[in-house]
Structures are given as structure tokens and as C-alpha cells.
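For reference, the chains in residue letters:
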Amino acid sequence: MDFSQRYRVIESKDARFDGQFFTAVRTTGIYCRPSCPARTPKPANVSFFQTSAAAHDAGYRACKRCLPEAVPGSPDWNVRSDVAARAMRLIADGVMDRGGVTELSARLGYSSRQLNRIVTAELGAGPLALARASRAQTARTLLTATNIKSADIAFAAGFNSIRQFNETVAEVFSMTPTALRTRGQRRHQHSHSAVSAAGSRAGRTRAAGTLAASTLAGATSPSGLGAAGDSEVAGSPRGTPAELSLTLPFRKPFDPGIFAFLAARAVAGVEGGVANRYARALALPCGHGCFELRWTGAALELTARLEDLRDLPALLSRVRRLFDLDADPVGIDAVLSADPAMARRVTLVPGIRLPGALDAGEILIRAMIGQQITVAAARTALNQLAAVGLPSRTPSGTLVRHFPTPALIAEHGPGILRGPRRRIESVCAVAGLLASGELVLGIEDDLSALTAKLLPLPGIGPWTVGYVAMRVLGAPDVFLTSDAAVRNGFARLNERPEGTHRSEGRGAASSWTGALSLTHYAARFSPWRSYATMHLWRAASSKAAAATIAPQTTSHEKASQ
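Residues numbered from 1 in each chain as written. Predicted model: local features only at pLDDT ≥ 70, side-chain atom pairs only at ≥ 80, totals over all residues. Heavy atoms only, no water.

Some points on the packing of aromatic side chains
Applying the stated criterion across every chain, the model contains 19 aromatic pairs. Taken together, the ring pairs in this structure connect Phe250, Phe254, Phe259, Tyr278, Phe291, Trp295 and Phe323 into an aromatic cluster. The aromatic ring of Phe261 is capped on one face by Arg265, whose charged end is 3.7 Å from the ring centroid. (Phe/Tyr/Trp six-rings, centres within 6.5 Å; stacked < 30°, edge-to-face > 60°. Lys NZ or Arg CZ within 6 Å of the ring centre and 35° of its normal.)

Below, the structure is given as C-alpha cells:
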């Protein structure tokens, strides 16, 4: 977007662009979100920044009225695959807090000096400033939505000292942490978006082990964690699990069908889900944790239990990526609606999300096990494999263990997994490479690097690479042409009976789809072909082709190997 386009956005106060850029006003020295309700400044007094860190570095402070930090992240970091975008993904995951610029640059394959130059040129601020802005945002969230002590928040947000925390909050927000908390909690209470009435009462805490079970339509919550609106925020001494609840920002519309996608693939003891809840136990950089995300129909409420509060930034980043909360659904739906048949799907299912991943190696293993079998069969195999997972130190309800590590899969997989011998050998071999560090996958990869790492390995073909790219990288422009469910969804989308494929045989079906050219058809949806894939999978799972949040149990996508 150029200056005139961005200025028209702030004139219209369009909230869809919140988080995609920031508006700085020279006469006031503040920066705002595009939808700030304040009077629109004159063009001569306005500067636009791609990140809040760039605005900080230019000497601006955050607006107290619109709270520009309290917005979803920019979708650019998933759409783009350049060095700056991959650096932003890693910074959000807390890499800078754990290893500084040295680890960040090593993960990206650049020297610290090169990386600083590239990121500054692209984003207007270097890695240190970007990490500082990320810490400030986490601190603001915790100050305004929880009753955790300020000293604990300082370290949970990634600051090295309380003094650094106090100075940064004062510089960015022009308020002390106490004043920011008072103002923010008053704002939360007024808008009815506070974590909970009980959690908002100052000074009230409870032991982390007394998690309240909540119910949904008479069913017990998958995790046993209390709903975000029902549980108090518990600060706890180091070494004792802490429980806290937050409301996660996102761009509307939001399709809750992603809960069903994850629920249909949930591994017993590790995760669980229903139509509007998903819960998971997992290992984080500093300790164990578990979380539950609940869709209320209007808000996404997160309840988390952490062994170490320093893991909060990483957890928030991974949950946001898992549920694709930084996506721009209006922009995506506009592109998909260019095709009349897809437009009908978009009308039925607006704001569809692309499921992400909590662990790259886990998604690769799950994809390999699920090749050419149904979702139900893959889930059975994964349930058996999960029995060797390490027990969670923060158990809650049915969440009692973690997904097995690559080392455990390589060791126990041959005796547990069932199916073709070559597939089992391939799964265990890849697990061994992950365990030894010979194969390293993560959000720092781009699609070409991921393809170069995976495609030469036995048992991995283009479908697996594409699926892993969609889940791990959040790659928005992947279209799985060889996928059986995609072809079935395409037939249903164009009102062609799925049974026609079977009666005509494989050759006739291939001829029919070839005539229409699926690849050519999907080109019109670029750069959002991954979302078109999600719509086709959903269409294949529903004879009525209607919006639904029921778990999908159709045939698993087949690998083209």
C-alpha cells in the first residue's frame, strides 16, 4: 500500500487493517492503529510504519486511546517468506529472549550484522527493537488482563530485569506499569472483555492445582481447564504451575470449523477437542504447559497452565499460529470469491482458517503416518504411538502426556506402528534424523528450503511437503492438486456427483479433472490457494456443502508418491 491508500484507510477508520501498519503523528508524538477514533491528522503530519518497533525507534509513543499494541499481528509474516518475515516469526516465538541476536541469526543462516542490516532496511527497526516491542506487547497484555505481580510479568514477558521492564513500559506507553494496569483493567471491565469477574478482583488467587472443570452442552471440557470466563488468574512462585486466562485478538470473520479439524485428529491423552474448544498438553522452551482455547461465538478465550511463566510469549505465538489468528479473512475471502462456485462456499463459510502447528517435527510424523489412510485410522495409530509419550508435569483432566519425541518414536515406533513395512521404516528413519539434529524443521524455513530438506527423504513426496508447508510455515499459497479430497471437493463444488468418479474409474476421473485443469483453476486464488484447499476439503466432507463445525471424518488426503 502506498501513502494515499493508507491515508484513506485511517480516514475511514477501517479496523481490518489494525496491526498491518501503524500511523505516527508528528504534532503529538504518538502512533496509533489505523482505526483510532481520534480526529484524522493532516497528511503532512502523518508517517506510516510497518511495525510498532519502527515507530518506537523514531521517537513515538503508543496512543493511550486506541492501544495500538492490542491488535492481531500482521498477516504479512505468513504471506511473505523473505528473511525479514521469517525473523518476525521467530521473534514472536521468543527466540530473542532465549538466545538473543546470535541465535536468531544462526537460525536464519546469516551473520548478526547481515541480519540487522536486512531487517532494519525492510521493517524500519532491528531485531533488538522488534524484540523489545514484542516484550512490551506481552507485558501490556498481562498487566491489563491478569492480576499477576508486576515482578513476575517482567520476567514472563522476556525482560532481563524489573528496571528494564519499568523503563520500557514507561517509554513505550508513557505510563508506569501500575497506571497501565489500572487504566487497562478499567477498560476491560467497561467492554466486558475482562478475563473473568473473579479473576478481575484484585488480590484474589488460588492454587494452580485447583482447576475448575467446565462444561459444554453437558459435556466435560476436553482438558479440565476452567473456561476463560470462569477461572481466576493465578500468579505463582517459580516452580509451581501458574494458571492464567486471556482473550486473544483476531480479525473477523472467524470460522470455528478449525476446532472440528483439530478435534477429528486429536491424540488421546495429548489433546482433545469439541465443536468450539481445543485443549493440548505440550513441552515449551522453559518447561511444560497446557492450554485450552474456547470460542464463545464472539471471542476466543485462552486458559493456560504453565510451569514457567517465561514460556508465555512462545505459547501465545504458537496458539496464534495454530489457529491462524493473524490472517486477513476479508482480503482472503475477496480473492476466493472471484470464482462463482467458490464464492458460494465463502458465503457459507466466511473467514475459514488454515490450521497451523505447535511442533514442526510432530506434524511431519503425523503426515507420514496418515498417508493413504483415513483420518480415523491415522488417529488410531497415533493414539497407540502416544502411549510412549512423556508424562506431563502440568496435567489437567485428560491431558496427561506429551506427543512422543522423535527419539521415542525412533526407538518404539517399529514395535507399535502397523501397516506397510516401508512406511514404518520411513517414519522411524525420519524420526531418527529429527532426534539426531540431522533434520531441523521450523518456522524459520521457507517453502524452497523445506522442500529441499524433505523431498529427498524416503517416504516423503510432494503431497507431504505441501501439507507440512501449510501446517508448519502457514504457507498460504499451496494447492494439493493430487489430493483425493481436493478432487472430490472440486467435483462437489461444481455440483458433479462424487460417485461419478468411482463409476468412471481412475482414468476417466483424471481425464475429467485434467480437462478442467485443477492447477489452472487454482491459479485464480493465488496467493491464497491454501485457503481454497481448506474450502475444498470442507466441501468434500459435507454432502450438503453447508457451513458446519462437526468433526470431519472423510478419507485422508493421499500422498502422491
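Observations concerning the sheet that holds strand E4 (residues 61–62)
Here we have four strands laid out as an open sheet, ordered E3-E1-E2-E4, and mixed in their pairing. On the outer flanks of this sheet lie strand E3 (46–49) and E4, each paired with one strand and no other. In terms of strand pairing, strand E2 (residues 30–32) meets E4 through two bridges, oriented parallel. Among the inter-strand pairings, Ile30 is bridged to a residue of E4, identified as Arg61. Against the sheet, helix H1 (residues 3–12) engages strand E1 (22–25) and E3, with an angle of about 100° to E3. (Pairing = 2+ DSSP bridges. Helix = DSSP H or I, 4+ residues; strand = E, 2+ residues; numbered from the N terminus. Contact = heavy atoms within 4.5 Å. Axes fitted to C-alpha atoms, helices over the stretch in contact; angles between N-to-C directions.)

Description of the pairing of strand E9 (residues 277–284)
A large share of E9 lies buried, amounting to seven of its eight residues. In terms of strand pairing, strand E8 (residues 271–274) meets E9 through four bridges, oriented antiparallel. Within the sheet, the bridge partner assigned to Gly273 lies in E9 and is Tyr278. Of the pairings in the sheet, the one linking E9 to strand E10 (residues 287–295) comprises eight bridges and is antiparallel in character. Residue Ala279 lies in a different strand from E10, and its bridge partner there is Glu292. In this structure, the hairpin formed by E9 and E10 is closed by a connection of two residues. (Buried < 20%, exposed > 50% of the residue type's maximum accessible area, 1.4 Å probe, protein only.)

A few points about helix H18 (residues 406–416)
Structural remark: α-helix, 3.6 residues per turn; residues separated by three or four positions point the same way. By the burial criterion, the buried members of H18 are Leu408, Ile409, Gly413 and Ile416. What you see down the axis of H18 is that its buried residues fit within an arc of 115°, all on one side. Projecting away from the buried face of H18 at angles above 90 degrees are the exposed residues Glu411, Pro414 and Gly415. (Arc of directions from axis to C-beta.)

A word on the pattern of salt bridges
Should their charged atoms come close, side chains of opposite charge can pair. Overall, the coordinates contain 24 salt bridges when judged by the stated rule. Between Arg80 and Glu122 there is a salt bridge; the shortest N-O distance is 3.2 Å. Remark: Glu122 occurs in helix H6 (residues 112–123) and Arg80 occurs in the loop between helix H3 (76–79) and helix H4 (83–92); sequence separation between them is 42 residues. The exposure class of Glu122 is partly exposed, given its relative accessible area of 41%. The structure contains a network of salt bridges with shared partners spanning Glu271, Arg280, Glu362 and Arg366. (Salt bridge = Lys/Arg side-chain N within 4 Å of Asp/Glu carboxyl O.)

Considering the environment of Leu248
Looking at the element boundaries, Leu248 is found in strand E7 (residues 242–248). Take Leu248: its relative accessible area is 6%, and that puts it in the buried class. Between the alpha carbons of Leu248 and Leu316 there is a distance of 8.7 Å; along the sequence they are 68 residues apart.

Quick word on helix H25 (residues 529–540)
End to end, H25 covers 16 Å across twelve residues, agreeing with the expected 16 Å (1.5 Å per residue, within 8%). Counting buried positions along H25 gives eleven out of twelve residues, so the element sits mostly inside the fold. Every buried residue of H25 is accounted for by Ser530, Tyr531, Ala532, Thr533, Met534, His535, Leu536, Trp537, Arg538, Ala539 and Ala540. Of the surrounding secondary structure, the elements contacted by the buried residues of H25 are helix H12 (257–264), helix H14 (329–336), helix H15 (340–348), helix H21 (462–473) and helix H22 (484–493). (Expected span 1.5 Å × (residues − 1).)

What to know about the packing of helix H7 (residues 127–145) against helix H9 (residues 162–173)
Between H7 and H9, the least distance of the axes is 10 Å, while the angle of their chain directions is 90°. Considered as vectors, H7 and H9 are oriented roughly perpendicular to each other. Contacts between H7 and H9 involve Arg132, Ala136, Ala139, Arg140 and Leu143 on the former and, on the latter, Phe165, Thr168, Glu171, Val172 and Phe173. (Parallel < 35°, antiparallel > 145°, perpendicular 65-115°, else oblique.)

As for the pairing of strand E11 (residues 300–306)
Counting buried residues along E11, seven of its seven residues qualify, which places the element largely inside the surrounding structure. Residue alternation in E11 divides its side chains into two sets, Leu300, Leu302, Ala304 and Leu306 and Glu301, Thr303 and Arg305, and both sets are buried. Direction of pairing for E7 relative to E11: antiparallel, over a ladder of seven bridges. Residue pairing in the sheet places Leu244 in a bridge with Ala304 of E11. From the end of E10 to the start of E11, which pair antiparallel, there are four residues, and Gly297 there has a positive phi angle of about 105°.

What about the sheet that holds E10?
Spatial strand order, E7-E11-E10-E9-E8: five strands in an open sheet with antiparallel pairing. What marks the edges here is a single partner per strand, and that holds for E7 and E8. Taking the axes of each pair of neighbouring strands and ignoring which way they run, one obtains an average angle of 20° across the sheet.

Looking at the confidence of the model for the protein chain
Confidence in the prediction of the protein chain, expressed as mean pLDDT, is 84, and 83% of residues score 70 or more. Contacts from residues 496–512, a stretch scored under 50 in pLDDT, to residues over four places away or in other chains number 14 contacts. Below pLDDT 50 for its whole length, residues 544–561 participates in 57 contacts with residues either more than four positions away or in separate chains. (pLDDT = per-residue confidence, 0-100.)

Quick look at the packing of H18 against helix H19 (residues 421–436)
The contact between H18 and H19 brings their axes to 7 Å, and the two run at 150°. Taken as axis vectors, H18 and H19 run roughly antiparallel relative to one another. The chirality of how H18 crosses H19 is left-handed. Contact residues: Pro406, Ala407, Ile409, Ala410, Gly413 and Pro414 in H18; Ile424, Val427, Cys428, Ala431, Gly432, Leu434 and Ala435 in H19. Residue composition of the contact of H18 with H19, grouped by class: eleven nonpolar, two polar and no charged. (Left-handed = near helix turned anticlockwise from the far one by under 90°. Nonpolar A, V, L, I, M, F, W, Y, C, P; charged D, E, K, R; others polar.)

A short note on the side chain of Arg132
As for its placement among the helices and strands, Arg132 is situated in helix H7. Within the local environment of Arg132, its side chain forms a polar contact with the side chain of Glu171, the two groups lying 2.8 Å apart. (Polar contact = N/O pair within 3.5 Å; in protein donor to acceptor, adjacent residues only side chain to side chain.)

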